[in-house]
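Here's the letter readout for the chains.
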Amino acid sequence: MTINSVSLVIAGSGGAGVVTAGSLLLDAAAQAGWYALMSRSSGPQIRGGEAAAMLRFATEPIMSHDDSFHLLMAIDWDNIGRFSAEIPLVAESLIVGDPAHGAAPAALLAGRPRQAALAMSEIAGRIENGRPNMVALGAIAGLIGLPPEAMQAVVEKNLGRKGQAAIDASMAAFHAGFAAAADLPATPKLPTVATSVAAATEPRWSITGNEATGLGVIRGGVRFVAAYPITPATEVLEWLAPSLAKVGGMLVQAEDELASINQIIGASYGGVPAMTATSGPGLSLMIESLGLAVAAEVPLVVVDVMRVGPSTGIATKSEQSDLNIAVYGLHGDAPHIVVAANSVPDCLFTTQWAVHLAEAMQAPALVLTDQAMGQARAIVPKPAELAFIGQRLTASAPAVEGERYKRYAMTASGVSPMAIPGTPGLTHTADGLEHNEFGTPSSQASDHHAQMDKRSRKLTQFNYGDHWADIEDSEVGAGDTAIITWGSSTGPAREALQRFSAAGGRARLISLRLIAPVQPEKMAEALAGIKRAVVVEQSHSGQFYRMLRAFYELPAQTVSLHHGGPLAFGPKQILDQLNQLNAGSA
Amino acid sequence: MTINSVSLVIAGSGGAGVVTAGSLLLDAAAQAGWYALMSRSSGPQIRGGEAAAMLRFATEPIMSHDDSFHLLMAIDWDNIGRFSAEIPLVAESLIVGDPAHGAAPAALLAGRPRQAALAMSEIAGRIENGRPNMVALGAIAGLIGLPPEAMQAVVEKNLGRKGQAAIDASMAAFHAGFAAAADLPATPKLPTVATSVAAATEPRWSITGNEATGLGVIRGGVRFVAAYPITPATEVLEWLAPSLAKVGGMLVQAEDELASINQIIGASYGGVPAMTATSGPGLSLMIESLGLAVAAEVPLVVVDVMRVGPSTGIATKSEQSDLNIAVYGLHGDAPHIVVAANSVPDCLFTTQWAVHLAEAMQAPALVLTDQAMGQARAIVPKPAELAFIGQRLTASAPAVEGERYKRYAMTASGVSPMAIPGTPGLTHTADGLEHNEFGTPSSQASDHHAQMDKRSRKLTQFNYGDHWADIEDSEVGAGDTAIITWGSSTGPAREALQRFSAAGGRARLISLRLIAPVQPEKMAEALAGIKRAVVVEQSHSGQFYRMLRAFYELPAQTVSLHHGGPLAFGPKQILDQLNQLNAGSA
Amino acid sequence: MESCAQKKKYAAKDYKSDLKPIWCPGCGDYTVLNAITRALAELALPPEEVAVVSGIGCSSRIPAYTSVYGFHGVHGRALPVATGLKLARPDLTVLVTGGDGDGFSIGGNHFLHACRRNVDITYIVMDNQVYGMTKGQASPTTAPDWEGSKLTPEGTGINPFQPLVVGLASGANFIARVSSSDPVNMARIIVEAIQHPGFSLVQVLSPCVTFRPEQQEWRDIVRTAVVDYTDDAARAARRLMTDDGFNVGKVLYKGSRPPFRPEFENTNGSVTELEARFAL
Amino acid sequence: MESCAQKKKYAAKDYKSDLKPIWCPGCGDYTVLNAITRALAELALPPEEVAVVSGIGCSSRIPAYTSVYGFHGVHGRALPVATGLKLARPDLTVLVTGGDGDGFSIGGNHFLHACRRNVDITYIVMDNQVYGMTKGQASPTTAPDWEGSKLTPEGTGINPFQPLVVGLASGANFIARVSSSDPVNMARIIVEAIQHPGFSLVQVLSPCVTFRPEQQEWRDIVRTAVVDYTDDAARAARRLMTDDGFNVGKVLYKGSRPPFRPEFENTNGSVTELEARFAL
Ligand SMILES: Cc1ncc(C[n+]2csc(CCOP(=O)(O)OP(=O)(O)O)c2C)c(N)n1
Ligand SMILES: Cc1ncc(C[n+]2csc(CCOP(=O)(O)OP(=O)(O)O)c2C)c(N)n1
Ligand code: SF4
Ligand code: SF4
Ligand SMILES: [Mg+2]
Ligand SMILES: [Mg+2]
């Protein structure tokens, strides 16, 4: 079954309250029992300037935007043309603008959308303290079928401290817009599920990817975070600062990323699970010390909320192009863990898992999320409780009575019991120089090979269970076609699979959560019977496809579907590729 | 034909003058018209401590050490066991030790070498100011057939300023050793080619890889170098400092690698070709700013003299494990150039070429060499003059009269004429943020895609000629078997091919000099008719093999021969693999 | 080079590009841009002989708003870029513009060593005691009790960085503090800073109206420093260490260390001579 | 924790490991190792409650030569490792040992911010005015006319870095200079540095006999500082800025800023409460 959803954009210049309007709408949708996804885009200005809130609502959970928007509600037109590539509009789409602000810019009209006028400012002007964005919300509600009660509850909550008059003014504007919607051309409507949260059937959360990331590390056991702000990772850190304080942890702002990575190395060496979050430029600065964590075997988690590269790139937009640096970026042979979240709620799962993996294997774990999922807010089913808690194999006495403690002892698993400072009798020096089992620097080939084997063995022999990938088949089975993807391309890929399946197609979706170490056996199993595959990713050079080629046996007929940021794939782009693949081979 | 060569080691504790002895021997071999390769190994002590000089002499150019050594001359045994893995000895080998220092350590005897005694200190004691290391040299000369005249010339040159008495004492000790050699078990002898450099047939140089690297960048046109010392790259910089001053250039010592990479970005932006040299840990710190050079399109060269990783690893030993970081280490999609030298003299060719490539394509070029070739001294045929001079496409006026200058103009080649500061009318801002053609920051998808295409197009469309790889066939043709390798594994691979060929085998050697951008068409041509391949590299995880899989179509039967540092491959290890491959398929 | 008599006349606007700044209305950085262009006009430097280098931040956006050569690098690394540029191209006038975060947090090491190295560049830091670009976190110069950042909701609890004291201690050759509320004096001092040989440090109190709206009061708090500059570093240190940060509009220290200026020697040496050393 | 009365007695050798240092015979760092172990014995700190953190360099090898917990990190980053460790584990006594290159060249930014942040750690810098480990290049503290390095054959031409002045300007809470030729005083001052709350900086003149053999004369040049320490930063600055670097054996400055010590609050908050905020 394909998803029953409605997609819309609210746009306007900064003062127009676009972002507030989007948030109110999302909250109201939550009241109505809907699921939702909201992304934002804004111009280069630090504050103010044009902005757009892109929303999609549905009666079931959604993980991706649609191919185009049903509705663009423009409070004004200031520089909105800048977003045209991010707001695909088609003939069925409807643009609603305020005649007071003139005509829609040509850039938005390429897809020949329907157009209609709504005198938002005029209508608002007729209401005391009425604001055009509330009129817009009313019109949207009328168009898409959002019950006014839902908005009433939200406005009461949000404007409560401003008093009843403010609430009434807002709702008056809303109702005026709602009434006006009757005169606008129709857009798809969603059925109401409920008119209050309490009445909704399933417990749901409203959360952003960046918040979910923060919660994930706390659930995993992290209690020390070092921070250097960088877009779009800052919100992870900003959420963590007060939250950690509530659960007996702390966040320290560092002077730079070189300091933040080394601070968490120090904290983790001290026995306190630790993490930091950054984006591409900051990750680049952490590379040397990530290698230190590999060699000295210090567990830690670094979250990279990817943005458009290279270099400073586009700080506020999304791309999946830090895969290479995450997997291969360290100098020397430096085995480490790389995991990737594939949706807003999966940020929670994946980061919590990452803490677990890092602690269990005494290795650094990189978590890749991206701007799109990090800064998106979603209404999702309440995430499950997870059993992953960071648990480190510690040493409290030497393995053999009276023997000198071997910090880097050879073990079958490759994991050696770690003595935490404070433990009597097990003092040692952890070292980034190559060393023998005691940690004493050594330049012997035999020690180097033994330690290299150990450091890679502990990762390859670990039992990752089923979490290495999310695998999903069409209702009628997998057939012989696969979509292989990762990260936020998973959302549209999943939806493409649903549509393909709804049209009678058969395929399997494999979305990798564990990027490194690679899992050739599990992949072989997942690819059993698969003859054709499309590899989907948002990078200019097809980094993921190249990595798969390097480490996996791919079906003979494998195509790479990739493009650089900031535009995400729409489900249809992937579906088209699926159809083409299958047509070619029919 | 296989190489007629003799391999020997001089070892002893620091005070014993091992390194001096090795250098004298190398110089004398040069006098004798031989070709040579000398590597060194030493213990962890900063100064003093045990050391070993590994030498190989031949009557034709050599690029690699042999599988084992014919002779180990130990002035004493202090901690020499530490080097046992680096000094493979077999039954035909001869260990000569001084009975005054007791017996050879067991670690050296695993291969059951022959043993003999030479009372070096006693013999030296009988000569006024006689030193055991000169006795050792004399004995070596006697054993391997080095004419004493050659040593005489060298000692005269080296001890000239110490006066005739010093020369005489040294030579007396040498002759005593030379005479004593008659009583020692025989080792292979090399024929004398000449007794003076003048008499030798072909002009030859004595040069280290690190010196060749320095010379290469100067020949390419570099006149600004920023430096932060790091083993084993320091000698590149130390050679460059005074040399640059002689040709109107300068070297500046920076506060760290973040500064050195940014200083050369500044100098190059100013129009002066610029470079720096570092090793793994320093390269890690340069990653962010290498991305800046990609995005802002600033040409520059960074030489990475690889050492054993991860992290601080083993600073004084060699490994080929920075391939990954060099190729994939940058965040975002950041197309850049990676080239690798494959021998001591090729350091000159490859770095000079790198300057040419960087300047021509306005992109950063990474050059990979390693400790083994960087710190080795070789006697080689005089390198050829090369036509590669860094030449940048500059702008002196806007493309279209009166039009604003487009620093990042779209061109067919992807290279845009660059205005050097000082040029009137073409002021602009170079930017690491994504930008439009003018350099103005832009977050538009269209600008990002256009600039991404341009930055990658300029690299892929460039004509690299034949230099992308060194390709060599057996005398009787390539057959259907290939060795694919890179960097300093090329030396032993080449020798394996020679032996294979001498035994009637047919194979092709492909040693990649251009690592990135990849050259799939040229490789397809080079692999035409090839059914089997062995990929040889000195990395624990097989980085090169994985990279080849990612980007090239390899023969169905391809095996990866790889191990981590610090031990280099011996030709025989590769030959065995070749034979096995061919046997398996026979 | 033209002689002084022939010097072309320039107006401040000749140094401005057409690009509209992304800054918030009222941001102090507008005035700094004006003062820089005014200073360049005063010095009548041909725009192509000037380069402005920066890192990342609101204040680091300045290069593109000028019509001189600009380089917009990565966060915290403007000073080494400028160092390389000036050493390679001593004929250019090189300015560095940036913020307190860029310069004193991530860029702190380069700041130390640029002061020490004393290359002839002028460093203009727009100090707003906040990371503006990333939406309002504490910077090194932020007061310990500022609770406006979500990252440090109870304040940083850390003593603010004293850029001028540290600059002096590290060897900066010219030190001044100016206020964006007094663009005329700022321009005058930038002229002096550019003219003074060696590394010149100009701290500009430049309010971030968005994340530190209270800084708009700075215009009322600042006062013109009462004493004139000293060339005695120890005296300057004592003054600066007891200064409250609001004495502006004057040069505070002028040193006389010669700038670091290694020459590209035009020796007659050739590459062939270098090669000869390797020949046997 | 044991009470004082029960405190176990320790000798300096209880803090030494069996590992033979890689140092050259005569290197000043041997004495520093002795002084540190002597100081720890004097403080009778159980070895497992002490951690020594370092970067890379000859001097940075110290951790492995002690019998306490050690962390040998990467070049220049010891201070942030120690910062994270001490904040996460306030119960440990944390020392940092390293060289002038590690601390003031590549590590300069962390040095600034460690002084400023004032976490309760003790930083012992073995200053030999050279990069020993990489075989003799100029460090930030090297005199401008030292021509012993192939990298700067005509000297650096750059004013030496003044670690104590910069440390003071950045907020270090305890500053002392000692000489490796006087291990007893060195141990005494290290004891004081460890006991003093906040960030303590101890500069040790520690000759590199191999690459700076002339430094062996330091033992004859150094003199005990005549004045006692001051707690007035401005006065200390004036003194340090006119000091020739050879006044040793005394504490030069003691501040009273409280250390940065954010608490791991044992609030009753639970993860469930955090989650509740997301629930609709
Ligand atoms: C390596 C890296 N880390 C972090 C960032 C994010 N970042 C951009 S600007 C900035 C701080 C800017 O503060 P400041 O220099 O004071 O400039 P302002 O915006 O206040 O003028 C930060 C942290 C980045 N771009 N690069
Ligand atoms: C990132 C990085 N750059 C460079 C080096 C090389 N390196 C090792 S130690 C050192 C300098 C050591 O000098 P110092 O800290 O003064 O210590 P000393 O050896 O003099 O005690 C350098 C440059 C490195 N290990 N890592
Ligand atoms: S955020 Fe602050 S510093 Fe940035 S432009 Fe706005 S007012 Fe200026
Ligand atoms: S090189 Fe210098 S600092 Fe290093 S161990 Fe030797 S004497 Fe000490
Ligand atoms: Mg700021
Ligand atoms: Mg030193």
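Note that this is a predicted model, so its numbers are computed, not measured. (Residues numbered from 1 in each chain as written. Chains lettered and ligands numbered in written order. Predicted model: local features only at pLDDT ≥ 70, side-chain atom pairs only at ≥ 80, totals over all residues. Heavy atoms only, no water.)

Engineer: Outline the overall build of chain A, listing residues and values.
Structural biologist: When helices and strands are tallied, chain A shows 17 helices and 21 strands. The C-alpha atoms of chain A give 26 Å as radius of gyration, which agrees with the globular expectation for 586 residues (25 Å, within 12%). A principal-axis box enclosing the C-alpha atoms of chain A has dimensions of 85 × 60 × 45 Å. Counting only residues that meet the buried cut, chain A has 67% of its 586 residues in that class. Considering only residue pairs separated by 6 or more positions, chain A has 76% of its internal contacts joining residues 24 or more positions apart. Just so you have it, chain A exposes about 17,400 Å², and 52% of that area is on carbon and sulfur atoms. Of note, chain A has its 39 positive side-chain charges centred 2 Å away from the centre of its 52 negative side-chain charges. (Helix = DSSP H or I, 4+ residues; strand = E, 2+ residues; numbered from the N terminus. Rg over C-alpha atoms; globule rule 2.2 N^0.38 Å. Buried < 20%, exposed > 50% of the residue type's maximum accessible area, 1.4 Å probe, protein only. Contact = heavy atoms within 4.5 Å. Areas by Shrake-Rupley, 256 points an atom, 1.4 Å probe, with all protein chains shown as cover. Lys, Arg positive; Asp, Glu negative; His and termini not counted. Charge placed at Lys NZ, Arg CZ, Asp CG, Glu CD.)

Engineer: Which residues make up the relation of the copies chain A and chain B, and what values do they have?
Structural biologist: Of the transformation superimposing chain A on chain B, the axial component is 0.0 Å and the angular component is 180°, with the fit at an RMSD of 0.0 Å. Interpreted geometrically, this transformation is the action of a two-fold axis. Comparing interface residues between copies, 100% of those in chain A also sit at the interface in chain B, which points to an isologous, same-surface contact. (Least-squares fit on C-alpha atoms with pLDDT ≥ 70 in both.)

Engineer: Mind laying out the interface of chain A and chain B, listing which residues take part and the relevant values?
Structural biologist: With 59 residues of chain A at the contact, the number on the chain B side is 60 residues. Between chain A and chain B the total buried area reaches about 4,900 Å² when both faces are included, carbon and sulfur atoms providing 56% of it. Taken as a group, H331, D333 and H540 of chain A account for 15% of the area that chain A buries against chain B, more than any other trio of residues on that side. Notably, a salt bridge pairs R549 of chain B with E553 of chain A, separated by 3.3 Å at the nearest N-O pair. Summed over the shared surface of chain A and chain B, the number is 45 residue pairs in polar contact (both at pLDDT 80 or more). Of all the secondary structure elements, the ones that give two or more residues to the side of chain A that touches chain B are helix 9 (280-296), helix 10 (323-328), helix 13 (445-460) and helix 16 (543-551) of chain A. Considering every element that reaches the side of chain A that touches chain B, the biggest residue donor is helix 9 of chain A, with 10 residues. (Buried area = accessible area lost by both parts, 1.4 Å probe. Salt bridge = Lys/Arg side-chain N within 4 Å of Asp/Glu carboxyl O. Polar contact = N/O pair within 3.5 Å; in protein donor to acceptor, adjacent residues only side chain to side chain.)

Engineer: Break down the nonpolar core for me, with residues and values.
Structural biologist: Counting residues in each nonpolar core, the largest one holds 316 residues, and the members touching the most others are F224 and I484 of chain A together with F224 of chain B. Residues within four places of F224 of chain A in sequence aside, it is in contact with M250, V252, Q263, I264, A267, V272, P273, A274 and M275 of chain A together with G84, L87 and A88 of chain D. (Core = buried A, V, L, I, M, F, W, Y, C linked by side-chain atoms within 4.5 Å.)

Engineer: Outline a positive patch on the surface, supporting the account with residue identities and numerical values.
Structural biologist: A surface patch of positive charge is lined by R235 and R238 of chain C together with R235 and R238 of chain D. Counting residues per element, the ones that place at least two in the positive patch are helix 9 (233-242) of chain C together with helix 9 (233-242) of chain D. Inspection of the secondary structure puts R235 of chain D in helix 9. (Patch = residues over 30% accessible without salt bridge, like charges linked within 9 Å, V, L, I, M, F, W, Y side chains within 5 Å.)

Engineer: Before we move on, can you summarise unusual backbone geometry with the specific residues and values?
Structural biologist: Residues and elements named next belong to chain A. Omega for the bond connecting T231 with P232 falls within 30 degrees of zero, at 0°, which places this linkage in the cis form. On the secondary structure map, P232 appears in the loop between strand 8 (224-227) and helix 7 (234-246). With an omega of 0°, the peptide bond running from G309 to P310 counts as cis. Inspection of the secondary structure assignment puts P310 in the loop between strand 11 (300-306) and helix 10.

Engineer: Describe in detail the site of ligand 2, supporting the description with residues and values.
Structural biologist: In the vicinity of ligand 2 there are 23 residues, among which E257 of chain B together with C58, S59, D100 and D102 of chain D approach most closely. Residue neighbours of ligand 2 fall on chains A, B and D, so the site bridges chains. The side chain of E257 of chain B places a nitrogen or oxygen atom 2.5 Å from a nitrogen atom of ligand 2. Residue assignment for the shell around ligand 2 shows that the elements contributing at least two residues are helix 9 (280-296) of chain B together with helix 4 (100-106) of chain D. (Near = heavy atom within 4 Å.)

Engineer: So what about the coordination of the magnesium ion (ligand 5)? Which residues, and what values?
Structural biologist: Residues and elements named next belong to chain C. Of the protein atoms, only D100 (OD), N128 (OD1) and V130 (O) coordinate the magnesium ion (ligand 5), at distances of 2.1 to 2.2 Å. Mapping the donors of the magnesium ion (ligand 5) onto the primary sequence yields the spacing D-x27-N-x1-V. What makes V130 buried here is its relative accessible area of 2%. (Donors = N, O, S within 2.8 Å, 3.2 Å for Na, K, Ca; no water.)

Engineer: I'd like a description of helix 8 (residues 257-269) of chain A, backed by residues and values.
Structural biologist: Residues and elements named next belong to chain A. For helix 8, built from 13 residues, the straight-helix expectation of 18 Å at 1.5 Å per residue is met to within 8% by its first-to-last C-alpha distance of 18 Å. Summarising burial for helix 8: 13 of the 13 residues are buried, a large majority. The N-cap of helix 8, judged by a side-chain oxygen 3.2 Å from the amide nitrogen of L258 a few residues on, is D256. (Expected span 1.5 Å × (residues − 1).)

Engineer: I'd like to hear about the interface of chain C and chain A, residue by residue, with values.
Structural biologist: Each partner contributes to the interface: chain C provides 24 residues, whereas chain A provides 24 residues. Carbon and sulfur atoms supply 60% of the area buried between chain C and chain A, which totals about 1,900 Å² over both sides. At the surface where chain C touches chain A, the tally comes to one salt bridge. Notably, a salt bridge pairs K150 of chain C with E238 of chain A, separated by 4.0 Å at the nearest N-O pair. There are eight residue pairs in polar contact (both at pLDDT 80 or more) connecting chain C and chain A. Looking at side-chain class alone, the side of chain C that touches chain A contains 12 nonpolar, nine polar and three charged residues. (Nonpolar A, V, L, I, M, F, W, Y, C, P; charged D, E, K, R; others polar.)

Engineer: Describe the sheet that holds strand 3 (residues 50-58) of chain A, naming the residues involved and giving the relevant values.
Structural biologist: Residue and element names in this part refer to chain A. With mixed pairing, eight strands are arranged side by side in an open sheet as 6-5-4-1-3-2-14-7. Single-partner strands in this sheet number two, and they are strand 6 (114-117) and strand 7 (204-208). Strand-to-strand, the axes of this sheet are offset by a mean angle of 20°, without reference to chain direction. Both strand 7 and strand 14 (residues 377-381) contribute to a ladder of five bridges, which runs antiparallel. Residue pairing across strands places T208 opposite R377, the latter belonging to strand 14. Against the sheet, helix 3 (residues 132-144) engages strand 1 (5-13), strand 3, strand 4 (69-74) and strand 5 (89-97), with an angle of about 160° to strand 4. (Pairing = 2+ DSSP bridges. Axes fitted to C-alpha atoms, helices over the stretch in contact; angles between N-to-C directions.)

Engineer: Which residues make up the coordination of the magnesium ion (ligand 6), and what are the values?
Structural biologist: Residues and elements named next belong to chain D. Within the protein, the magnesium ion (ligand 6) binds to D100 (OD), N128 (OD1) and V130 (O); these donor distances fall in the range 2.1 to 2.2 Å. Each donor residue of the magnesium ion (ligand 6) lies on one chain, and together they are spaced D-x27-N-x1-V. Here V130 lies in the loop between strand 4 (122-127) and helix 6 (163-170) and D100 lies in helix 4, a separation of 30 residues in the sequence. You'll find D100 and V130 in the same group, each marked buried.

Engineer: Help me get a handle on the site of ligand 1, residues and values and all.
Structural biologist: Around ligand 1 there are 23 residues in total, and E257 of chain A together with C58, S59, D100 and D102 of chain C lie nearest to it. Residues lining ligand 1 come from chains A, B and C. Residue E257 of chain A places a side-chain N or O atom 2.5 Å away from a nitrogen atom belonging to ligand 1. Contacts to ligand 1 include C58 of chain C, whose backbone N or O atom sits 2.8 Å from an oxygen atom. Within the complex, the protein chains bury 98% of what would otherwise be the 590 Å² of accessible surface of ligand 1. Going through the elements one at a time, helix 9 of chain A together with helix 4 (100-104) of chain C are the ones with two or more residues in the shell around ligand 1. Among the elements that make up the shell around ligand 1, the one with the highest residue count is helix 4 of chain C (three residues).

Engineer: Would you mind going over the pairing of strand 7 (residues 204-208) of chain B in detail, with residue names and values included?
Structural biologist: Among the five residues in strand 7 of chain B, five count as buried, and that is most of the element. On strand 7 of chain B, burial covers both faces: R204, S206 and T208 of chain B on one face and W205 and I207 of chain B on the other are all buried.

Engineer: Let's hear about the packing of helix 8 (residues 257-269) of chain B against helix 3 (residues 78-88) of chain C: which residues, and what values?
Structural biologist: The interhelical angle for the contact between helix 8 of chain B and helix 3 of chain C, taken along N-to-C directions, is 45°, at an axis separation of 6 Å. As far as their axial angle goes, helix 3 of chain C and helix 8 of chain B are oblique. For the element pair helix 8 of chain B and helix 3 of chain C, the recorded crossing hand is right-handed. Facing A259, N262, Q263, G266, A267 and Y269 of chain B of helix 8 of chain B, the residues of helix 3 of chain C in contact are P80, V81, T83, G84, L85 and A88 of chain C. (Parallel < 35°, antiparallel > 145°, perpendicular 65-115°, else oblique. Left-handed = near helix turned anticlockwise from the far one by under 90°.)

Engineer: Requested: an account of a negative patch on the surface, with residues and values cited.
Structural biologist: Residues D145, E147 and E154 of chain C together with E263 and E265 of chain D make up a contiguous surface patch of negative charge. The residue E147 of chain C is located in the loop between strand 4 (122-127) and helix 6 (163-170) in this model. What makes E147 of chain C exposed here is its relative accessible area of 53%.

Engineer: Can you break down the pattern of salt bridges residue by residue, with the values?
Structural biologist: Scanning the entire structure with this criterion turns up 70 salt bridges over all chains. Here R212 of chain D makes a salt bridge to E214 of chain D, at a shortest N to O gap of 2.7 Å. Residues joined by salt bridges that share partners form a network here, namely R56, D66, D67, E495 and R499 of chain A.

Engineer: Please give an account of helix 7 (residues 183-195) of chain C that cites residues and values.
Structural biologist: An α-helix turns once every 3.6 residues. As a result, residues three or four positions apart point the same way. For helix 7 of chain C, which comprises 13 residues, the first-to-last C-alpha distance of 18 Å matches the rise-based estimate of 18 Å (1.5 Å per residue) to within 8%. Tucked inside the fold, the buried residues of helix 7 of chain C contact helix 1 (29-43), strand 3 (93-99), strand 4, strand 5 (174-179), strand 6 (200-205) and strand 9 (250-254) of chain C.

Engineer: Describe the side chain of R392 of chain A, listing the residues and the values that go with them.
Structural biologist: Residue and element names in this part refer to chain A. With respect to the element layout, R392 can be found in the loop between strand 14 and strand 15 (429-431). One polar contact links the side chain of R392 to the main-chain carbonyl oxygen of S268, over a distance of 2.7 Å. Ignoring sequence-local partners within four residues, the contact set of R392 consists of S268, G271, V272, P273, P299, E359, Q362, M418 and I420.

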